[in-house]
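Working through the structure, step by step
Listed below, chain by chain, are the residues.
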Amino acid sequence: MGRRARDRRRQQQQQQRQERGEDGGGGDQAGWAGGYPEIVKENELFERYYRELGIVPDGEWGDFMAALREPLPATLRITGYRSHAREILHCLKEKYFRELQHLEVDGQKIEMPQSLSWYPEELAWHTNLSRKILRKSPQLEKFHQFLVSETECGNISRQEAVSMIPPLLLNVNPHHKILDMCAAPGSKTAQLIEMLHADMNDPFPKGFVIANDVDNKRCYLLVHQAKRLNSPCIMVVNHDASSIPNLQIDVDGRKEVLFYDRILCDVPCSGDGTMRKNIDVWKKWTTQNSLQLHGLQLRIATRGVEQLAEGGRMVYSTCSLNPIENEAVIASLLEKSQGALELADVSSELPGLKRMPGITKWKVMLKDGQWFEEWKDVPSNRQTQIRPTMFPVKDEEKLKAMNLERCLRILPHHQNTGGFFVAVLIKKSPMPWNKSQPKVHQKLPQRTGDAEVTAINSDNGSEPITEEPTLDENEESKKKQELQNSDTEQSKKEGVCGPPPSKKMKLFGFKEDPFVFLPEDDPLFLPIQKFYALDPSFPKMNLLTRTQEGKKRQLYMVSKELRNVLLNNSEKMKVINTGIKVWSRNSDGEQFGCAFRLAQEGIYTLYPFIHARIINVCIEDVKILLTQENPFLSKFSSETQKKVKDMATGSIVLKYDPDPAKPDDLQCPIVLCGWQGKTSLRAFVPKNERLHYLRMMGVEVFKAKRKEEESQNKTGEEVQHRLAQTEEGMDVEDKEHDLVTKMEAEIGEKSSHSPVENSAMEVENKIEDLDQSGRNANSHVIQESKDTDTSNMKD
């Protein structure tokens, strides 16, 4: 189709939309809806089904349906593990929430945001503002930009209220090993990471989070969410949750199966509790969705409890109200556990949360409206759609012992939320089909006398079986095993975590680079250790790269426990991402004593181990660093100038400590990465993080939308350009730094500077200039750099 034909077609479509708008009562409404008819929020089958089941208390049905037809209120959560969470809360309450007072949007009065009464420390809030109003209203543009920017920094999570419940009920402690079975898009995973880092004085908690998702593309969304929190204790993997492999860890030289202390099992569901935000559910909902998902949900939950440690806690949750996906799954799991599992009583937890108890009686309905009360009533031609595990237990004693009323069902009209279901399970003993499994798990297959022991996966998990192989099979398997073991041992010696060389993994999605741990005697580390005067306790064995050949451009770090998992499971686990970036190679850095500069992403993890190149700065110095591109040393306070006078050129740490005697100043510590030149000082901090710190210091950083719209086309081209360069393996921060280094070497840092001002537009412009200089540096450096690493694209 030619350009003229496309233009004609576009004009015809626009004319048709206008005509529909005139017939339907207003062109504005048709334009707002994009020409599509409005979805009618009615579903007769839905109402009939849930009325019959009686999940809504008598007299509340009208309120229940009315709540479902209303838009879901906007909710946000302040990340609670960072030391400046209270500063963000103070900024929200004293500035942005106050500006919403007496405000009206489209004739609707904006109510003051309220804290969620059941969420600890006032760290979660909700308002009657819908996402649509937040995005489109000019009066709320400032508040919306604040939310978007702080979300990118990882300081705020715009998360649905009921979605915050499962991680809270897990009761996570920093030493817990946690598995998130169906983790994408990652808001609950972020909560778990925060809980691990409850003690900010411990950069490496003993626990970790393994976040899994079956969808390869959604795994990268999960990585994006987790990366905002800059934790060395998170690993993202890509597996089917119903058959996620048993992992091994090294415990005092022995291989043992990894059992998790906490498991979050937030399974795929029909999502009828999300009708308030996903209005497509109104027209698409049938009981068939639940019938099709029940088997998968039960398999995932079963696999979860198999991998749960004794005494551990697993939370099963769905955003569905349907007992086929909820109580039926829990009842079936409890029944086949034969007493190994029990439902925890959490009625005293999360005070202020209104909840309904789980139900003990329900029926099964087909999409044609036909009901079945027992399995024996189901005709044979329907027994592929309906399974015995979908029905309630008939034995009254068994049913009573299950305590299904301990489950939680959240109804939308009780606290103006979405619908949700949660059950908390405690594992008292091994599952009946796993009791014969040895605690010490050797690599399989393994010769035991004349028999070969092999592990197989079934619906109930991994069960050991014994086969009697022939002599030829024995010899052949022995040779293969010796070859595989030698390859694996060689990889472990080299610290390489990836697929074995002898096995070509045919998996959907991107091919991941290996995770290569730095050897203890790697000459790369000695200059780094000397330059930054690293503490002897620094865990250098936890440093890794994503390349086996060529120059190592980025150094990442994981916790000791995740290192153990990586080294012992590379052949059975598809790892998408792990670790945080702590150092980046600077192409000209070697002449300054160290080839690697500090990365802002990992500075809070590294800082406790660094004993050199630290400059303490005052709040005015921080404002200069965050608003000027490359300020001369003369711009800074005399104390700062004295400290840097005798310090060699290179990467530095800039530390701000709050002064209790000045309560009006920022009262949380800040650690920034920077670069000291011969006559200048510069901070290497991402744009959104700069804006965050400036907001906390009371500097206005709001930018009108008009300017954004004017530069929209240009920005789109720049994004594409930056993505292409990212594929070459060098991030914007690296190129910013290289540009500054070359400027100092070539022109003696003769650059223009402007004083710090609180003007909204000028502060924003300066920060954009910093980004622009990084973009300009990209094209300059990429022409020179051939030995690049593509790991950043995946980050």
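Residues numbered from 1 in each chain as written. Predicted model: local features only at pLDDT ≥ 70, side-chain atom pairs only at ≥ 80, totals over all residues. Heavy atoms only, no water.

Concerning the overall build of the protein chain
Along the backbone of the protein chain there are 27 helices and 33 strands. When each of the 795 residues of the protein chain is scored for burial, the buried share is 53%. Put simply, of all contacts in the protein chain between residues at least 6 apart along the chain, 76% involve residues at least 24 apart. Just so you have it, the protein chain exposes about 37,000 Å², and 48% of that area is on carbon and sulfur atoms. (Helix = DSSP H or I, 4+ residues; strand = E, 2+ residues; numbered from the N terminus. Buried < 20%, exposed > 50% of the residue type's maximum accessible area, 1.4 Å probe, protein only. Contact = heavy atoms within 4.5 Å. Areas by Shrake-Rupley, 256 points an atom, 1.4 Å probe, with all protein chains shown as cover.)

Here's the deal with the sheet that holds strand 1 (residues 74–78)
Spatial strand order, 4-5-1-6: four strands in an open sheet with antiparallel pairing. Each edge of the open sheet carries a strand with a single partner, namely strand 4 (114–115) and strand 6 (156–157). Sheet topology places strand 1 next to strand 6; two bridges connect them, and they run antiparallel. In the strand pairing of strand 6, Arg77 is matched with Ser157. Strands in contact with helix 5 (residues 85–99) are strand 1, strand 5 (124–127) and strand 6; relative to strand 1, the strand with the most contacts, it is inclined by about 145°. (Pairing = 2+ DSSP bridges. Axes fitted to C-alpha atoms, helices over the stretch in contact; angles between N-to-C directions.)

Here we look at the packing of helix 7 (residues 141–153) against helix 22 (residues 687–696)
At a closest axis distance of 8 Å, the pairing of helix 7 and helix 22 adopts a crossing angle of 115°. For the pair helix 7 and helix 22, the crossing hand works out as left-handed. Every residue of helix 22 that contacts helix 7 at Gln145, Phe146, Ser149, Glu150, Glu152 and Cys153 is listed here: Asn688, Glu689, Leu691, His692 and Arg695. (Left-handed = near helix turned anticlockwise from the far one by under 90°.)

Considerations on the environment of Met181
Residue placement: Met181 occurs in the loop between strand 7 (177–180) and helix 9 (187–196). Residue Met181 is classed as buried on the basis of its relative accessible area, which comes to 0%. Spatially, the C-alpha atoms of Met181 and Asn238 are 10.0 Å apart, while their sequence positions differ by 57 residues. Contact partners of Met181, with chain neighbours within four places excluded, come to Asn212, Asp213, Ala241, Ile244, Ile263, Leu264, Cys265, Ile300, Arg303 and Gly304.

So, the pairing of strand 32 (residues 670–676)
Along strand 32, seven of the seven residues are buried, which leaves the element largely enclosed by surrounding structure. With burial as the criterion, each face of strand 32 is covered, one bearing Ile670, Leu672, Gly674 and Gln676 and the other bearing Val671, Cys673 and Trp675. Pairing between strand 31 (residues 650–656) and strand 32: seven bridges, direction antiparallel. Considered in strand 32, the bridge of Ser651 is made with Trp675. With three bridges connecting them, strand 32 and strand 33 (residues 681–683) associate as antiparallel partners. If you follow Trp675 over to strand 33, its bridge partner there is Arg682.

Description of the pattern of salt bridges
Evaluation of the coordinates by the stated rule reveals 25 salt bridges. The salt bridge partner of Glu52 is Lys363, with a shortest N-O separation of 2.7 Å. Linking Glu52 in helix 3 (residues 44–53) with Lys363 in the loop between strand 15 (356–357) and strand 16 (364–365), this pair joins segments that are 311 residues apart in sequence. Judged by relative accessible area, which is 18%, Lys363 ranks as buried. Across the pair Glu335 and Lys398 runs a salt bridge, and its minimum N-O distance is 3.8 Å. Here Glu335, found in helix 13 (residues 327–337), pairs with Lys398, found in helix 14 (residues 396–402); they are 63 residues apart in sequence, far enough to count as distant. We classify Glu335 as partly exposed; its relative accessible area is 42%. Taking the relative accessible area as the measure of exposure, Lys398 reaches 43% and is therefore partly exposed. (Salt bridge = Lys/Arg side-chain N within 4 Å of Asp/Glu carboxyl O.)

Concerning the nonpolar core
Ranked by size, the top nonpolar core spans 178 residues in total, and within it Trp118, Phe143 and Ile330 carry the most contacts. Not counting residues up to four positions away in its chain, the partners in contact with Trp118 are Ala161, Met164, Ile165, Leu168, Leu350, Pro351, Gly352, Leu353 and Gln415. (Core = buried A, V, L, I, M, F, W, Y, C linked by side-chain atoms within 4.5 Å.)

Topic: the packing of helix 5 against helix 22
Close contact between helix 5 and helix 22 brings their axes to 10 Å; oriented N to C, the two are set at 65°. The pairing of helix 5 with helix 22 is recorded here as roughly perpendicular in orientation. Between helix 5 and helix 22 the crossing geometry is left-handed. Counting all contacts with helix 5, which are made through Glu87, Ile88, Cys91 and Tyr96, the residues of helix 22 involved are His692, Arg695 and Met696. (Parallel < 35°, antiparallel > 145°, perpendicular 65-115°, else oblique.)

Looking at the sheet that holds strand 31
Pairing in this open sheet of four strands is mixed, and the strands run 30-31-32-33 from one edge to the other. Since the sheet does not close on itself, it has two edges, and those belong to strand 30 (614–616) and strand 33, each with one partner. On average, adjacent strands in this sheet sit at an angle of 35° to one another, irrespective of strand direction. As paired strands, strand 30 and strand 31 are joined by three bridges and run parallel to one another. Bridge pairing links Ile614 to Val653 in strand 31. Against the sheet, helix 21 (residues 638–645) engages strand 30, strand 32 and strand 33, with an angle of about 165° to strand 30.

Quick look at the packing of aromatic side chains
Aromatic ring pairs are reported here in terms of the distance separating the ring centres and the angle at which the planes meet. Enumeration over the complete set of coordinates arrives at 19 aromatic pairs. Their ring planes at 55° and their centres at 6.3 Å tell us that Phe46 and Trp282 sit as a pair that is tilted. Here Phe46 is found in helix 3, whereas its partner Trp282 is found in helix 11 (residues 280–284), with 236 residues between them in sequence. Neither residue differs from the other here; Phe46 and Trp282 are each classed as buried. Three or more aromatic residues joined by ring pairs form one cluster here, namely Phe204, Phe525, Phe531, Tyr532, Phe538, Trp583 and Phe609. Lying across the ring of Phe515, Arg546 places its NZ or CZ 3.9 Å from the centre. When the ring centre of Phe517 is taken as reference, the NZ or CZ atom of Arg563 above it lies at 5.0 Å. (Phe/Tyr/Trp six-rings, centres within 6.5 Å; stacked < 30°, edge-to-face > 60°. Lys NZ or Arg CZ within 6 Å of the ring centre and 35° of its normal.)

Notes on unusual backbone geometry
Note that the residue after Ala184, namely Pro185, is joined by a cis bond; omega there is 5°. Within the secondary structure layout, Pro185 lies in the loop between strand 7 and helix 9. Within the chain, Arg613 stands out as a residue other than glycine whose phi angle is a positive 60°. Residue placement: Arg613 occurs in the loop between helix 19 (603–606) and strand 30. Its relative accessible area of 9% is what places Arg613 among the buried residues.

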